[in-house]
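A structural walkthrough
One-letter residues, chain by chain:
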Amino acid sequence: MSPVSRYHRQTLLPGIGEAGQERIGAAHAVIVGIGALGCASADLLARAGVGRITLIDRDVVELTNLQRQTLFTEADLGTPKAHAARERLRAVNSSIEIHAHAADFGPRNAAGLFADSPATLLLDGTDNYETRYLLNDLSVQRGVPYLYGGVIADRGMSAALVPGDGRPCLRCVFPEPPAPGSQPTCDTAGVLGPAVAMVAAAQAADALAILCGRIPTPTLLEFSLWPDRRRRIELTHNAECACCVNRRFEFLDADRTDDTTSLCGANTVQVWPGGMAEQRPVDLVALAARLRPLADVTLTDFMLRASLREGATPIDISVFPDGRALVRGTTSAATARTLYARYVGA
Ligand SMILES: [Zn+2]
């Protein structure tokens, strides 16, 4: 008699069974953005036994994340989210493989971050449209299902976009991303934890259905909790779609030249001179030695964090080995660039 599997309670479901469980175990889910949505969907997929999970996030854990980002605790403050999430998920399920990248997912490294093992699913945990359209390009180009999701305030949206057989992609439905600044962000509108849980649950349920061989009808689930309203909108294929019909992968082919990015939900600017194009690695040990007389320095294998004061303003600089830095305490790209040049080096 074989011991009862840890997945027994889900293999009881007719839609899963032993065969479905095997397919779940053979899958590779790539989750981009380990914020509120990414935490919740990664937890569900790790517990369900998805055999390989890749976590990608460019940010570190902040106090204001703990209200809704369920993989993190107070002990993780200041740790890269991808690594903190991996540690937590390893404790939950040690029988699966979990890979973490504290990296900025962009056109140049998008595919390279999981080049050694093709993705079975792409999950959206991002807070910006640029990355969503990039994920859609990857999804269509490689024929990998894309689980779209978004949450703002008490409202959420999700859709399972499975390429092929005349099914729509994201650009069939929304041909272009909204203009920058035209949408509310979690900075301005806030986020309700239960709304996150609902979207992540919908994404994970669709993901497991797809892995077990069932393709959901292309619909967009849209809801608000306060007041309680929900609807499903049928999504249709656009015969002139730039992406899935004309196979123009404009977001994947884009050359991002801007070396700074403001991060949603934080008084933070990312600085990355040269960006992915010409990575300039930084020797964190040498940098730590240089900064210690000037700042409170914490050094780990993944990053260096220096807390200092710029006049009366407390500033925090987190530097990663690839030369990328998060400058906290400012929203000005110019200030962030100046601080980077002064403390990290031009
Ligand atoms: Zn399309």
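Residues numbered from 1 in each chain as written. Predicted model: local features only at pLDDT ≥ 70, side-chain atom pairs only at ≥ 80, totals over all residues. Heavy atoms only, no water.

Once that is clear, we can look at the sheet that holds strand β14 (residues 325-328). The strand order β9-β10-β14-β13-β12-β11 describes an open sheet built from six strands, whose pairing is antiparallel. Strands at the two margins of the open sheet, each flanked by one partner only, are β9 (260-262) and β11 (296-299). Adjacent strand axes in the sheet meet at a mean angle of 20 degrees, parallel and antiparallel pairs treated alike. Inspection of the sheet shows strand β13 (residues 313-319) paired to β14 by four bridges, in the antiparallel sense. Residue aspartate 316 lies in a different strand from β14, and its bridge partner there is arginine 328. (Pairing = 2+ DSSP bridges. Helix = DSSP H or I, 4+ residues; strand = E, 2+ residues; numbered from the N terminus. Axes fitted to C-alpha atoms, helices over the stretch in contact; angles between N-to-C directions.)

The alternating pattern of strand β3 (residues 97-102) places Ile98, Ala100 and Ala102 on a buried face, while none of Glu97, His99 and His101, on the opposite face, is buried. Of the pairings in the sheet, the one linking strand β2 (residues 52-57) to β3 comprises six bridges and is parallel in character. From the neighbouring strand, isoleucine 56 faces β3, where its bridge partner is histidine 101. Viewed along the sheet, the connection from β2 through helix α4 (residues 81-92) into β3 turns out right-handed. (Buried < 20%, exposed > 50% of the residue type's maximum accessible area, 1.4 Å probe, protein only. Right-handed = clockwise from strand over helix to strand, strands pointing away.)

Binding of the zinc ion to the protein goes through Cys169 (SG), Cys172 (SG), Cys241 (SG) and Cys244 (SG), at separations of 2.3 Å. Each of the four donor atoms around the zinc ion contributes to a set of angles spanning 95 to 123 degrees, which defines the coordination as tetrahedral. Taken in sequence order, the residues that donate to the zinc ion follow the motif C-x2-C-x68-C-x2-C. One end of the pair, cysteine 169, is in the loop between β6 (155-161) and α6 (170-173); the other, cysteine 244, is in the loop between β8 (229-234) and β9, and 75 residues separate them in sequence. The exposure class assigned to cysteine 169 is buried, which follows from its relative accessible area of 5%. (Donors = N, O, S within 2.8 Å, 3.2 Å for Na, K, Ca; no water. Tetrahedral: all angles 85-135°; square planar, octahedral: opposite > 155°, others 65-115°.)

This part covers the side chain of aspartate 206. Looking at the element boundaries, aspartate 206 is found in helix α8 (residues 193-211). Ignoring any residue separated from it by four or fewer positions in sequence, one finds aspartate 206 in contact with Leu147, Ala160 and Pro216. (Contact = heavy atoms within 4.5 Å.)

On to the domain arrangement of the protein chain, then. For the protein chain, the assigned domains read domain 1 (8-234) and domain 2 (260-343). The partner domain 2 presents 16 residues to the 19 residues of domain 1 that form the contact. When domain 1 packs against domain 2, close to 1500 Å² is buried across both sides, 57% of that on carbon and sulfur atoms. Three residues stand out in domain 1 for area buried against domain 2, namely Arg58, Asp104 and Arg108, and they jointly supply 32% of the buried area on that side. The interface formed by domain 1 and domain 2 contains three salt bridges. Linking arginine 328 and aspartate 59 is a salt bridge whose minimum nitrogen-to-oxygen distance equals 2.9 Å. At the boundary of domain 1 and domain 2, one finds five residue pairs in polar contact (both at pLDDT 80 or more). Of all the secondary structure elements, the ones that give two or more residues to the side of domain 1 that touches domain 2 are α4 and α7 (186-189). A per-class count over the side of domain 1 that touches domain 2 returns five nonpolar, six polar and eight charged. (Domains from an automatic or database assignment. Buried area = accessible area lost by both parts, 1.4 Å probe. Salt bridge = Lys/Arg side-chain N within 4 Å of Asp/Glu carboxyl O. Polar contact = N/O pair within 3.5 Å; in protein donor to acceptor, adjacent residues only side chain to side chain. Nonpolar A, V, L, I, M, F, W, Y, C, P; charged D, E, K, R; others polar.)

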